[in-house]
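Descriptive analysis of the structure
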Amino acid sequence: MPRSGGRTTEPRQDHRTDGATALQPEHETTNEMVVLPAGSQPANEGRTPPAERLRAAPPAPVSAPRAPFVALVLVLVLSGVVGILVLNTRIAENAFKLDALKTKQAGLDRDEERLRSDLANKESPVTLASRAKQLGLVPSRTPAFLVLPDGTKLEMPGPSK
C-alpha cells in the first residue's frame, strides 16, 4: 500500500497531462461501420445517448438595472459641470475685485509717498526757520541754564533783544 494515502506517483493513463487539453479525457473513436439487415433499427434508438462528462458552467451573468446607473452618472456629470461653472464664475468675479483693489492700493501708495514727502519738506530746518520768521519769532542769542534739585542742568533759550 502506498504511503501517499492511496495516490501513486505514476501518471494516470486516461488523461493527458500537457498541452491545451490537459486533463481532458481522451475519447476513443472507431471507424467501424455496422451494417444492419433491412427493416431493423439500431439497438440504441429511442434511448438517450450516454451522458458526457459533466463540466462547470460559467456563472449566470448579473444584470443590474441600467436606468438608475445612467441617471446617477448623468447627475454626477451635470453637477460637476455646474460646479465648475460656478467656481469659474467666482474666480472671475474675484479677479475683477482683486484688480480694483490693486488699482486702489496703487493710488493709496502714491498718496502716502506724496504725504511723506510733504512732511519731510515741512520738517526741514530751512522750512522751519522761514516759517518761524513769518510768525514773528527771532533766533535766541544766549541760552539760559536751569539747575534742578537733583543737579542736572537744563539749557533754555534766553530772551532775545
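Definitions and cut-offs
- Residues numbered from 1 in each chain as written.
- Predicted model: local features only at pLDDT ≥ 70, side-chain atom pairs only at ≥ 80, totals over all residues.
- Heavy atoms only, no water.
- Helix = DSSP H or I, 4+ residues; strand = E, 2+ residues; numbered from the N terminus.
- Buried < 20%, exposed > 50% of the residue type's maximum accessible area, 1.4 Å probe, protein only.
- Contact = heavy atoms within 4.5 Å.
- Areas by Shrake-Rupley, 256 points an atom, 1.4 Å probe, with all protein chains shown as cover.
- Patch = residues over 30% accessible without salt bridge, like charges linked within 9 Å, V, L, I, M, F, W, Y side chains within 5 Å.
- Salt bridge = Lys/Arg side-chain N within 4 Å of Asp/Glu carboxyl O.
- Axes fitted to C-alpha atoms, helices over the stretch in contact; angles between N-to-C directions.
- Nonpolar A, V, L, I, M, F, W, Y, C, P; charged D, E, K, R; others polar.
- Pairing = 2+ DSSP bridges.
- pLDDT = per-residue confidence, 0-100.

Here the focus is the overall build of the protein. Across its full length, the protein holds 2 helices and 2 strands. Secondary structure of the protein in N-to-C order comes out as α-α-β-β. Residue burial in the protein is summarised as follows: out of 161 residues, 2% are buried. Relative to all contacts within the protein whose residues are 6 or more apart in sequence, the contacts with residues 24 or more apart total 5%. Carbon and sulfur atoms form 61% of the exposed surface of the protein, whose accessible area is close to 16200 Å².

A surface patch of nonpolar side chains, about 630 Å² in accessible area, is lined by Phe69, Val70, Val73, Leu74, Val77, Val81 and Leu85. Classification of Phe69 as exposed rests on a relative accessible area of 55%.

Now for the packing of helix α1 (residues 66-123) against helix α2 (residues 125-134). One can describe the packing of α1 onto α2 by two numbers: an axis separation of 5 Å at closest approach and a directional angle of 65°. Of the residues in α2, those touching α1 at Asn121, Lys122 and Glu123 are Pro125, Thr127 and Leu128. Counted by class, the contact of α1 with α2 contains 2 nonpolar, 2 polar and 2 charged residues.

Strand direction decides the pairing type here: strand β1 (residues 143-147) and strand β2 (residues 153-157), joined by 5 bridges, are antiparallel. Of the residues in β2, the one forming a bridge with Val147 is Lys153. Here β1 hands over to β2 after 5 residues, with Gly151 in that stretch at a positive phi of 100°.

Another aspect to go through is the environment of Glu155. Note on placement: Glu155 falls in strand β2. For Glu155, a relative accessible area of 55% puts it in the exposed group. Separated by 10 residues in sequence, Glu155 and Phe145 have C-alpha atoms that sit 4.5 Å apart. The residues touching Glu155, leaving out its near neighbours within four places in the chain, are Pro143, Ala144 and Phe145.

Our next topic: the confidence of the model for the protein. Where the model shows low pLDDT, its predicted coordinates should not be examined in detail. On average, residues of the protein score 79 in pLDDT, and 66% of them reach the 70 mark or higher. The least confident element of the protein is β2, whose mean pLDDT is 78; the most confident is α1, at 96.

Attention now goes to the environment of Leu146. Position of Leu146 relative to the elements: it lies in strand β1. Accessibility expressed as a relative area gives 43% for Leu146, which makes it partly exposed. As for Leu146 and Met156, which are separated by 10 residues in sequence, their C-alpha atoms are 7.2 Å apart. Not counting chain neighbours up to four residues away, the residues in contact with Leu146 comprise Thr152, Lys153, Leu154 and Met156.

With that settled, the discussion passes to the pattern of salt bridges. Evaluation of the coordinates by the stated rule reveals 3 salt bridges. In this structure, Glu112 and Arg116 form a salt bridge, with 2.9 Å as the shortest nitrogen-oxygen distance. Placement of both Glu112 and Arg116 in helix α1 is noted, with a separation of 4 residues, approximately one turn of the helix. You can call Glu112 partly exposed: its relative accessible area is 37%. The exposure class of Arg116 is exposed, given its relative accessible area of 54%.

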